[in-house]
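The chain contents come next:
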Amino acid sequence: MWIVLTKMELNRETIPQYLRERQVEIGFFDSGADLHSEEIGDGNLNFVYRVSDSTHSERSLVLKQAPPYIKILGPDYPLSSERLTYESRSLQVYNQFVSETVPTLYYFDGDSAVIAMEDLKDYNLLRDELIAGNVNQTIPVLIGSFMGIVHSQTYTDNLDKTLANKYQKNFANTVMQTITADYVFTFPFTNHETNYHTEGLEAAVNRLKTDQQFLKQADELKSVFLRVQRGLTHGDLHTGSIMVKGNSAKVIDSEFAFYGPVGFDVGLFWANYLLSYYSHLDNTKVQSEIITAIIQTWKTYTEHFKMDLSLKHRTLQMIFSESVGFAGLEMLRRIIGAAHVKDIENIEDIHRKLCVETAILELGKTIVKERHKIASVDEMIELL
Ligand SMILES: Nc1ncnc2c1ncn2[C@@H]1O[C@H](COP(=O)(O)OP(=O)(O)OP(=O)(O)O)[C@@H](O)[C@H]1O
Ligand SMILES: [Mg+2]
């Protein structure tokens, strides 16, 4: 008989006991199975483990635990473990509407902030595929439909008041939303201590930080991000939150999920394709494939976004122009803020890197400032 602990810190030693204690609820492995655990998480915030049956290694699951602090910084940097509650709630909604595009959720333990989910074995991060120049056109179709379905199925105008209120309440993820508001919308454009950029970008960065028209738009977008409550938004849908294998794509890491302006997802997804676009500076084949992927994302999104036709056109126009603005800010903060991306950081030749980053700053700034004048994806692409 095992005694169930309320809070348990997972590590390679404690995981077998943790799973045995929850044999009834999870029931994934045989009760006598010899379990092997390894840490696979390369993220900043949480611990992620793969657990497999030593005698049937094909049988495995993934455990993700949120400590009450930021993993890479340690216990001196507290952060509410509730973030996994939001990840599990959003995974439930995703499993309801778009189960093929997310890992299956096996179990959630709110006391220890642990999720047990399907092991996406042999999947790679979409970011790494794009860095390698592998642009699979099925992926934007899958992610475009993922977003279109989730956003419209949870969209306030499509729901009765009770259900809309329920989503609002279940996804009031204000702690994580505040972090994003700071790190995407504010800090990168001030002299915040966490900012850094390549030497040589100073003039461009100063121009950006003193551009009143830009700052006004960034502020407006921040207010949209914080105030608008329209649909279930993943909140961190960059190419490192998507795992792919062949023609399959799975969205992970939804701990930032909130009820908000859904265009934030479209914007982040586009921005990370655009960052990849610029990183492939002189590879016109990959660049044109990325452009096709960006166009395809919106086409699929609009096809899967179900709404009464009298409202649909206007709603999508609004989502589009917010997406464009969010995309611009995401591109900028990945060059001058606290969290950069491998696609760009990997560029060793400093002149090439500066050239790529200057182009990204220019496009990011332009699409934030001009977002109301950009009427279509084609018009956005023309600015590249
Ligand atoms: N279900 C899964 N199957 C296989 N691998 C996974 C799974 N979930 C996560 N991983 C791996 O673990 C890594 C970290 O996962 P995740 O991004 O969810 O963690 P995180 O700590 O929240 O990261 P971040 O700091 O980016 O927020 C992923 O990049 C992926 O390599
Ligand atoms: Mg995460």
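Here is what the cut-offs are and how they apply
- Residues numbered from 1 in each chain as written.
- Chains lettered and ligands numbered in written order.
- Predicted model: local features only at pLDDT ≥ 70, side-chain atom pairs only at ≥ 80, totals over all residues.
- Helix = DSSP H or I, 4+ residues; strand = E, 2+ residues; numbered from the N terminus.
- Rg over C-alpha atoms; globule rule 2.2 N^0.38 Å.
- Buried ≥ 20, exposed ≤ 12 C-beta atoms within 10 Å, placed from the backbone.
- Pairing = 2+ DSSP bridges.
- Axes fitted to C-alpha atoms, helices over the stretch in contact; angles between N-to-C directions.
- Contact = placed C-beta atoms within 7 Å.
- Domains from an automatic or database assignment.
- Nonpolar A, V, L, I, M, F, W, Y, C, P; charged D, E, K, R; others polar.
- Near = placed C-beta within 6 Å.
- Parallel < 35°, antiparallel > 145°, perpendicular 65-115°, else oblique.
- Left-handed = near helix turned anticlockwise from the far one by under 90°.
- Expected span 1.5 Å × (residues − 1).

### Section: the overall build of the chain
The helix and strand tally for the chain stands at 14 helices and 12 strands. Computed over the C-alpha atoms, the radius of gyration of the chain is 21 Å, within 12% of the 21 Å expected from 2.2 N^0.38 for a compact globule of 384 residues. Each principal axis of the C-alpha distribution contributes one length, and for the chain these read about 65 × 50 × 40 Å. A burial count over the chain gives 40% of its 384 residues as buried.

### Some words on the sheet that holds strand 3 (residues 56-65)
Taking strand neighbours across the sheet as the criterion, the 5 strands line up as 1-2-3-7-6 in an open arrangement whose pairing is antiparallel. Strand pairing shows two members of the sheet lacking a second neighbour, strand 1 (35-39) and strand 6 (105-109), which therefore form its edges. Within this sheet the neighbouring strands show an average axis-to-axis angle of 20°, counted without direction. Sheet analysis places strand 2 (residues 47-53) next to strand 3, joined by 7 bridges and oriented antiparallel. Across the sheet, the residue bridging to serine 52 is serine 60, located in strand 3. Where helix 2 (residues 83-97) meets the sheet, its contacts fall on strand 3, strand 6 and strand 7 (114-118), and the angle it forms with strand 6 comes to roughly 150°.

### Thoughts on the domain arrangement of the chain
Each assigned domain of the chain is listed with its residue range as follows: domain 1 (15-118) and domain 2 (124-382). Tallied by class, the residues present in the side of domain 1 that touches domain 2 amount to 9 nonpolar, 3 polar and 4 charged.

### Some remarks on the site of ligand 1
Not every one of the 19 residues close to ligand 1 is listed here, only the nearest: Gly43, Asn44, Asn46, Leu120 and Asp253. Of all the secondary structure elements, the ones that give two or more residues to the shell around ligand 1 are strand 3 and strand 7. Within the shell around ligand 1, the residues separate by chemical class into 9 nonpolar, 4 polar and 6 charged. There are two domains that each give the shell around ligand 1 at least three residues, and those are domain 1 (15-118) and domain 2 (124-382).

### Focus on unusual backbone geometry
At aspartate 122, a residue that is not glycine, the phi angle is positive and equals roughly 65°. By the element assignment, aspartate 122 lies in the loop between strand 7 and strand 8 (124-125). The residue aspartate 253 is not glycine, and still its phi comes out positive at about 55°. You can call aspartate 253 buried: it has 21 C-beta atoms within 10 Å.

### A look at the sheet that holds strand 8
Pairing within the open sheet is antiparallel, and its 3 strands lie in the order 8-10-11. Each edge of the open sheet carries a strand with a single partner, namely strand 8 and strand 11 (248-251). Sheet analysis places strand 8 next to strand 10 (residues 242-245), joined by 2 bridges and oriented antiparallel. Across the sheet, the residue bridging to leucine 125 is methionine 243, located in strand 10. Running over the sheet, helix 4 (residues 138-153) touches strand 10 and strand 11 and is turned about 40° from strand 11.

### A look at the packing of helix 2 against helix 4
To characterise two packed helices, one gives the angle between the axes of the helices and the distance between these axes. In contact at an axis separation of 10 Å, helix 2 and helix 4 are set at 110° when each is read in the N-to-C sense. Classified by the angle their axes make, helix 2 and helix 4 are roughly perpendicular. Here Val93, Tyr94 and Phe97 of helix 2 come into contact with helix 4, specifically with Ile149, Val150 and Gln153. Here the residues of the contact of helix 2 with helix 4 sort into 5 nonpolar, 1 polar and no charged.

### A few points about the packing of helix 9 (residues 263-279) against helix 13 (residues 350-369)
For the pair helix 9 and helix 13, the least separation of the axes is 9 Å and the interaxial angle reads 145°. Remark: the crossing between helix 9 and helix 13 carries right-handed chirality. Of the residues in helix 13, those in contact with Leu275, Tyr278 and Ser279 of helix 9 are Val356, Ala359 and Ile360.

### Focus: helix 13
An ideal rise of 1.5 Å per residue puts 28 Å on 20 residues; helix 13 measures up with 28 Å between its terminal C-alpha atoms. Listed as buried for helix 13 are Val356, Glu357, Ile360, Leu361, Leu363, Gly364, Lys365, Ile367 and Val368. Along its buried surface, helix 13 packs onto helix 7 (202-209), helix 8 (212-227), helix 9, helix 11 (309-336), helix 12 (342-345) and helix 14 (377-382).

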